[in-house]
Amino acid sequence: MRTMLKSWLPSPWLSGCLFAIWLLLNQSLALGQVLLGVLLAIAIPLLTAPLRLEFSPVTRPIALFRLLSYALVEIVRSSFNVSKIILFSKTKNVNSQFIIIPLDMDNPAGLALLSCLINSTPGTVWVEYFSDRRELSLHVFDLHDENWWIDTIKNKYEKPIMAVFE
Amino acid sequence: MMNMANDIPNWAAALVIFFLLLGSVIIVIGTLGLLRLRDFFQRIHGPAITITLGTGAILFASMILFTSTSQRLVIHELLITAFVFLTAPLGAMMVMRAAVYRVRRQKQIDDLNEK
Amino acid sequence: MKLALEISLYIALFSTMLAIVFCGIRLLLGPTAQDRVLALDTLWMCIMIFILLLGMLFGSLIYFEVALLIALTGFVSTMGLAKFLMRGEIIE
């Protein structure tokens, strides 16, 4: 029974998300739509299985939730900082620079999550990850203190992400 | 023009107005940054606030408006929110990498010409 | 309250239009190709917001699907253009 479930539903989270997306798109809970949604939720993960990479699973959803709420507050805060700079300061005085940050993490899923969070936060853009040196290159909009950025990325983002996937 | 907003409660209307005004101000500031900053690497930070906070505020306003006027939960705007929050970082990253690559290649060509 | 809601919707529509004009100017001026791609990406997003606001103004849920499709197309076009800038071809 368990192996059969495993072979028909290789990734239950993906199937659940697809089912929810189908119902949200159609805006109805009619029987036909529910059946069609179940069919799609089973068929699409099976058909796209060769495309997916193996990711380490999320072991601590609470840590993920805490990280995402911190990132949301940070997005709003730095949005206001960036808009203040755009509106009120001379563009010559803005100190935009590339910085290099050493990382301890080499988990692909964690790096993907880190890149999404960094790029969503206004004021920082991910440039490149050097996998041989385990270093990350970022572009910062208004740089005051390089050590503060390294400290923030390592303590506020990298450590919680490593805790999520450990 | 607004034929369905007759029965909207006052607090919902106030929330919708707040998010609409916040979103419109943020959208204009983001694209103003695109227009007035100096070089490409600064300009890429301007639209980021349009895409995250501006889109988020407008979608939130839309969710509150339709939920309070149609007497049921209308949350399919969450699909656009999730889609934008998943894809906007990817787009920014790809454009940034392309720009860095092009600047580097241009520098190499200039160095060769100098020799 | 209804009047205030309608006025704020018109303000939002007007400012989104202003944002579209700014993106258009950067798209025409943009000294380098990557500036133009960035402006085009932002333009897609602004048009998506504009259509959502139109849907709120007319009180119709149909516009939601248009906005979702525009967001999808904008993402694919940005990725294709960025890839083209990097390599000179899209599918290698």
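Here is a short report on the structure shown in this document. (Residues numbered from 1 in each chain as written. Chains lettered and ligands numbered in written order. Predicted model: local features only at pLDDT ≥ 70, side-chain atom pairs only at ≥ 80, totals over all residues.)

1. Observations regarding the sheet that holds strand E3 (residues 135-140) of chain A
Residue and element names in this part refer to chain A. Pairing is antiparallel in the open sheet, where three strands are placed in the order E1-E3-E2. One side of each edge strand has no neighbouring strand; the edge strands of this open sheet are strand E1 (97-102) and strand E2 (124-130). Strand-to-strand twist in this sheet, taken as the mean axis angle between neighbours without regard to direction, amounts to 25°. Sheet topology note: the E1/E3 ladder contains six bridges and is antiparallel. Bridge pairing in E3 places Phe98 opposite His139. (Pairing = 2+ DSSP bridges. Helix = DSSP H or I, 4+ residues; strand = E, 2+ residues; numbered from the N terminus. Axes fitted to C-alpha atoms, helices over the stretch in contact; angles between N-to-C directions.)

2. Quick word on the interface of chain B and chain A
You'll often see interface size given as the accessible area lost when the parts meet. Between chain B and chain A, the contact holds 26 residues from the first and 26 residues from the second. Within the residue set of the side of chain B that touches chain A, elements represented by two or more residues are helix H1 (10-36), helix H2 (40-43), helix H3 (46-69) and helix H4 (77-114) of chain B. Here the side of chain B that touches chain A gets nine residues from one element, more than from any other, and that element is H4 of chain B. Among the residues forming the side of chain B that touches chain A, the class breakdown is 17 nonpolar, six polar and three charged. (Contact = placed C-beta atoms within 7 Å. Nonpolar A, V, L, I, M, F, W, Y, C, P; charged D, E, K, R; others polar.)

3. Looking at the packing of helix H4 (residues 61-88) of chain A against helix H6 (residues 146-165) of chain A
All names here are of chain A. Where H4 contacts H6, the two axes come as close as 9 Å, and the packing angle between them is 155°. Comparing the axis directions of H4 and H6 gives the class roughly antiparallel. In the crossing of H4 with H6, the sense of the turn from one axis to the other is left-handed. Seen from H4, the contacting residues are Ala63, Leu64, Arg66, Leu67 and Tyr70; seen from H6, they are Lys156, Pro160, Ile161, Ala163 and Val164. Residue composition of the contact of H4 with H6, grouped by class: eight nonpolar, no polar and two charged. (Parallel < 35°, antiparallel > 145°, perpendicular 65-115°, else oblique. Left-handed = near helix turned anticlockwise from the far one by under 90°.)

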